[in-house]
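Read off the chains here:
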Amino acid sequence: MAEKTILLVCGGGASSGFMAQNIRKAAKKRNVELNVIARSESEVDEYLNEINVLLIGPHLKYMEEDLQEKVSAYNIPAAVIPQTIYGLLDGNKGLDLILELLGEK
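Residues numbered from 1 in each chain as written. Predicted model: local features only at pLDDT ≥ 70, side-chain atom pairs only at ≥ 80, totals over all residues. Heavy atoms only, no water.

Visitor: Mind showing me how you'd approach the environment of Gly-94 here?
Guide: Inspection of the secondary structure puts Gly-94 in helix α5 (residues 91–101). Sequence separation between Gly-94 and Asn-52 is 42 residues, and the spatial gap between their C-alpha atoms is 15 Å. For Gly-94, the residues in contact, after removing those within four places along its chain, are Met-19, Ile-23 and Ile-85. (Helix = DSSP H or I, 4+ residues; strand = E, 2+ residues; numbered from the N terminus. Contact = heavy atoms within 4.5 Å.)

Quick look at the structure:
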């Protein structure tokens, strides 16, 4: 699998930064080439031509429909990260979610 770029969005970018870091660590251990970027949801438009998956912080669930609509034209799968994964900053389960969205699992 060629390197994939994942955009992880949350309100301010702090907690998503830790989540992104843990997913990168998990990917490295499993030899999966991933570039995980953590940004604010207001920056999604800037990344539409670069990303393969959009992950949404659970506290932004209310924005899921709008964000799904935004990325669907680009055939980018998107999902809200379950609170059970996000709350624990579980990089392995986050990586599993990404691979599932990419159809690699």
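Having seen the model, we can carry on.
Visitor: Where do I start with the pairing of strand β2 (residues 34–40) in this structure?
Guide: Here is the key point about a regular strand: its side chains alternate between the two faces of the sheet. Most of β2 is tucked away: five of the seven residues are buried. Two strands pair when backbone bridges link them, and strand β1 (residues 4–10) and β2 are joined in this way by seven bridges, in the parallel orientation. Looking at β2, one finds that Leu-7 is bridged to Ile-37. (Buried < 20%, exposed > 50% of the residue type's maximum accessible area, 1.4 Å probe, protein only. Pairing = 2+ DSSP bridges.)

Visitor: Can you help me understand α5 in this one?
Guide: The α-helix winds at 3.6 residues per turn, so residues separated by three or four positions along the chain end up facing the same way. The set of residues buried in α5 consists of Gly-91, Gly-94, Leu-95, Leu-97, Ile-98 and Leu-99. A distance of 3.1 Å separates the backbone nitrogen of Asn-92 from a side-chain oxygen at the start of α5, and that oxygen is part of Asp-90. (Polar contact = N/O pair within 3.5 Å; in protein donor to acceptor, adjacent residues only side chain to side chain.)

Visitor: What am I meant to see in the sheet that holds β1 here?
Guide: Across the sheet, four strands lie side by side as β2-β1-β3-β4; this open sheet has parallel pairing. Each having just a single partner strand, β2 and β4 (78–80) make up the two edges of the open sheet. For this sheet, the mean inter-axis angle between neighbouring strands, taken without regard to orientation, is 20°. With four bridges connecting them, β1 and strand β3 (residues 53–56) associate as parallel partners. Counterpart to Leu-7 in the pairing with β3 is Leu-54. Strand contacts of α5: β1, β2, β3 and β4, with the helix running at about 140° to β3, the strand carrying the most contacts. (Axes fitted to C-alpha atoms, helices over the stretch in contact; angles between N-to-C directions.)

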